[in-house]
Amino acid sequence: MTVFFIGAGPGDPDLITVKGARLVEQCPVVLYTGSLVPKEVVARAKADALVLSSEDMDLDEIIKVCKDAQVKGLDVARVQTGDLSIYSSLAETTRRLDAEGIDWKVIPGVSSFQASAAALGQELTLPEECQTIILSRASGRTPVPEKENLKSLASHEATMCLFLSASLIRKVARELKEVYPGSWPVAVVEKASHPEQRIIRGTLDTIVEQVEAAGIRATAMIIVSKVLDDKKFKDSRLYAPEFTHGFRKARLVETQDTEANNG
């Protein structure tokens with residue numbers, strides 16, 4: 001018996017991985033985050049599967065579902081949004097499963113920061129301009145370690161993707177303007193990959209008014225980066241004609257050998 005933690009993706013039910021979808025179809029117990037995971041994802045479950053929403057469950061109740069399934073020898077598909085490596089309850093849940101001697105595995109998913117970048121049609125790293133992405137959140141009801149405060153992170157001028165921070169947009173803009181000019185580019189993507197997805201582009205000077213006027217307070221990714229408004233970056237060396245790397249060089253040698261043998 002195994003509990004499979006499955007990243008269901010950011011919202012579009014087709015963005016679950018093939019492996020994740022297959023497990024939802026096969027597992028006799030499906031436990032999903034009802035408030036966030038699209039119903040189409042769990043609709044893949046077998047007709048006789050036990051499908052439960054964890055929306056109103058606490059951690060004890062979630063563990064009990066897993067323990068009951070273990071007694072019956074039934075695999076569990078624990079379906080959650082995005083990817084389990086970021087802002088999920090994975091660590092606290094698996095710690096409890098380990099204590100109960102219950103086997104578990106993680107199936108990765110598409111994160112909302114990736115879906116937001118796709119919605120923007122935007123690469124979050126650009127050659128010689130930005131090669132680092134910081135995934136974080138503003139400090140609110142859930143505190144952030146002092147060394148990870150926004151001003152400190154902003155000093156790197158890396159692309160910043162802020163989860164769970166839309167309701168704190170005033171705080172975000174205020175703190176970042178202590179490091180960046182007000183013209184620094186910002187994008188907010190609400191419900192990335194959902195049919196009702198909305199995109200707002202602005203600057204640190206304008207984004208607060210834009211977001212508040214749109215009524216966005218949750219389920220939104222804030223991306224702060226100079227790459228959002230940079231069209232003058234240099235091309236990478238990946239496809240430069242004079243640049244070779246192991247794979248391209250190997251293919252070139254293979255081609256030359258084939259031509260020599262056919263000659």
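Scroll up for the structure.
Nothing here was measured: the structure is a model prediction, and the numbers come from that model.

Time to look at the overall build of the protein chain. Counting its secondary structure elements, the protein chain contains nine helices and 10 strands. Considered along the principal axes of its C-alpha atoms, the protein chain spans approximately 70 × 60 × 35 Å. Taking all 263 residues of the protein chain together, the buried fraction comes to 42%. Of the contacts made within the protein chain by residues no fewer than 6 positions apart, 69% connect residues no fewer than 24 positions apart. For the protein chain, the exposed area adds up to about 14,600 Å²; of that, 50% sits on carbon and sulfur atoms. Looking at charge distribution, the protein chain has the averaged site of its 32 positive side-chain charges lying 2 Å from that of its 37 negative ones.

Two elements in contact, helix H7 (residues 169-176) and helix H8 (residues 207-214), have axes separated by 9 Å at closest approach and are oriented at 175°. Viewed along their axes, H7 and H8 adopt a mutual orientation that is roughly antiparallel. The segment H7 lies against H8, with Ile 169, Arg 170 and Ala 173 engaging Ile 207, Val 208, Val 211 and Glu 212. Considered class by class, the residues forming the contact of H7 with H8 number five nonpolar, no polar and two charged.

Following the criterion strictly, the structure yields three aromatic pairs and no others. Here Tyr 87 and Phe 163 contribute two aromatic rings whose centre-to-centre distance is 5.1 Å and whose plane-to-plane angle is 50°, an arrangement assigned as tilted. Placement of the pair is Tyr 87 in the loop between strand S4 (76-80) and helix H4 (90-100) and Phe 163 in strand S7 (residues 159-163), with a sequence separation of 76 residues. The exposure class assigned to Tyr 87 is partly exposed, which follows from its relative accessible area of 40%. Ring geometry for Tyr 180 against Trp 184: centres 4.0 Å apart, planes inclined by 5°, an arrangement best described as stacked. Residue Tyr 180 is classed as buried on the basis of its relative accessible area, which comes to 5%. Judged by relative accessible area, Trp 184 falls into the buried class, the value being 11%.

Read across the open sheet, the five strands follow the order S3-S2-S4-S1-S5; overall the sheet is parallel. Sheet topology places strand S3 (50-53) and strand S5 (103-107) at the edges, where each strand pairs with a single neighbour. Along the sheet, successive strands turn relative to each other by an average axial angle of 20°, direction set aside. Across the sheet, helix H3 (residues 59-72) touches strand S1 (2-7), strand S2 (29-32), S3 and S4, and the angle it forms with S2 is around 170°.

Side chains of Glu 55, Asp 56, Asp 58 and Glu 61 sit close together on the surface and give a patch of like negative charge. By the secondary structure assignment, Asp 58 is in the loop between S3 and H3. Its relative accessible area of 41% is what places Asp 58 among the partly exposed residues.

Calculation notes
Residues numbered from 1 in each chain as written. Predicted model: local features only at pLDDT ≥ 70, side-chain atom pairs only at ≥ 80, totals over all residues. Heavy atoms only, no water. Helix = DSSP H or I, 4+ residues; strand = E, 2+ residues; numbered from the N terminus. Buried < 20%, exposed > 50% of the residue type's maximum accessible area, 1.4 Å probe, protein only. Contact = heavy atoms within 4.5 Å. Areas by Shrake-Rupley, 256 points an atom, 1.4 Å probe, with all protein chains shown as cover. Lys, Arg positive; Asp, Glu negative; His and termini not counted. Charge placed at Lys NZ, Arg CZ, Asp CG, Glu CD. Axes fitted to C-alpha atoms, helices over the stretch in contact; angles between N-to-C directions. Parallel < 35°, antiparallel > 145°, perpendicular 65-115°, else oblique. Nonpolar A, V, L, I, M, F, W, Y, C, P; charged D, E, K, R; others polar. Phe/Tyr/Trp six-rings, centres within 6.5 Å; stacked < 30°, edge-to-face > 60°. Pairing = 2+ DSSP bridges. Patch = residues over 30% accessible without salt bridge, like charges linked within 9 Å, V, L, I, M, F, W, Y side chains within 5 Å. Salt bridge = Lys/Arg side-chain N within 4 Å of Asp/Glu carboxyl O.

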